[in-house]
Amino acid sequence: MATPQAQVGALLRQEKSDQMYVSFEFFPPRTEAGDKSLLNNIAEFKKQDPIFVDFTWGAGGSTSEKTCDLCKITKDEHGLNVNMHLTCTNMPSGKVDDALAFCKKNDIRNIVALRGDPPAGQEWQASKDGFECALDLVKYIRLHHGDYFSIAVAGYPEGHPNVIGGEGKCTDEGLKAEYDYLKAKIDAGAECIITQLFYDVDIFLAFVKRCRDMGITCPILPGMLPMVSYAGLQRMVSLCKTYMPDSVKAKVEELKEDEVAFKQYGIDLCAEMCQIMMKNGINHFHFYTLNQTHSTFEVLKKLGLFKQQA
């Protein structure tokens, strides 16, 4: 019999403003060694009492089977609340229904509803089932599954990469459309926003304020990715079109040949960003872990949030 699964939306609404909370994201590994390492690390992440952990869904559903398996193992064997990513474009017909049926069969109650990116070398295309965007998926889940699932959606403090221009900025008109679309996802039934990574706290805080000013009241979790390597950072920033303040760019260039110092700077910067957000009332951080414990745990230690086990 499946282990009872809590709904993430309800857990987030129960969080107390004077306490701190964390959640962690993982991706399905490509090798058996990666699988073994991840499952060992999940046991360590569990010791930090995360509100939930989530697993990504490969482009076009390419990791769908492994994503589902990891969610089930993590829920049943580790007792963690899992929040499964689910995309809805560039996928075979029926894939969304199959995934939702798997979740219901295994009492997985939480979905991160996303449009999804096309697999490498492919063009974006709507699903044959009629899905064109994450809003369609949110509406579909609510229509066919009522309140069985708690639904989270993505938020983009700088704008979605598709609407960020060549100068790294989104137009005022484009940004307004982004906020209107985000509110539509919430109005359709999403209960939580998890943001894209960022390295400028002011951009995130402005994003939260604008959301609140337009009536978006649900929890907004900042997505935190401590820099680990120069090459990895360049790939991620290029993919997401992430803005980096001049001071951060200068430090990144200064340390790019020193792997140890670079990783430590990533930890220090992430902790500094979290401290600023904590002073501004943010009490839940969502970490993009890259399946590794070190950088995330070092950030938690700097924040005084790391939970030592006897």
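Residues numbered from 1 in each chain as written. Predicted model: local features only at pLDDT ≥ 70, side-chain atom pairs only at ≥ 80, totals over all residues. Heavy atoms only, no water.

J.: I'd like a description of the sheet that holds strand E2 (residues 53–55), backed by residues and values.
T.: Ordered in space as E1-E2-E3-E4-E5-E6-E7-E8, the eight strands form a closed barrel in which the pairing is parallel. Neighbouring strand axes in the sheet, compared pairwise and without regard to direction, differ in orientation by 30 degrees on average. In the sheet, strand E1 (residues 21–26) pairs with E2 via three bridges, with the strands oriented parallel. Bridge pairing links Phe24 to Val53 in E2. Across the sheet, helix H4 (residues 95–105) touches strand E3 (82–87) and strand E4 (110–114), and the angle it forms with E3 is around 170 degrees. (Pairing = 2+ DSSP bridges. Helix = DSSP H or I, 4+ residues; strand = E, 2+ residues; numbered from the N terminus. Axes fitted to C-alpha atoms, helices over the stretch in contact; angles between N-to-C directions. Contact = heavy atoms within 4.5 Å.)

J.: Which residues make up the pairing of strand E8 (residues 284–288), and what are the values?
T.: Most of E8 is tucked away, with five of its five residues classed as buried. Because side chains alternate across E8, one face comprises the buried residues His284, His286 and Tyr288, and the other comprises Phe285 and Phe287, equally buried. In this sheet, E8 lies alongside E1 in parallel orientation, the contact comprising five bridges. For Ser23, the partnering residue across the bridge sits in E8 and is His286. With two bridges joining them, strand E7 (residues 220–224) and E8 adopt parallel strand pairing. (Buried < 20%, exposed > 50% of the residue type's maximum accessible area, 1.4 Å probe, protein only.)

J.: Pulling in residues and values, what's your account of the packing of aromatic side chains?
T.: Evaluation of the coordinates by the stated rule reveals 11 aromatic pairs. With 5.1 Å between their ring centres and 85 degrees between their planes, Phe131 and Tyr140 make a pair best called edge-to-face. An aromatic cluster of three or more residues is present, and its members are Phe24, Phe26, Phe45, Phe55, Phe287, Phe297 and Phe306. Sitting above the plane of the Tyr148 ring, Arg109 keeps its charged end 4.1 Å from the centroid. Against the face of Tyr243 rests Lys169, its NZ or CZ located 4.7 Å from the ring centre. (Phe/Tyr/Trp six-rings, centres within 6.5 Å; stacked < 30°, edge-to-face > 60°. Lys NZ or Arg CZ within 6 Å of the ring centre and 35° of its normal.)

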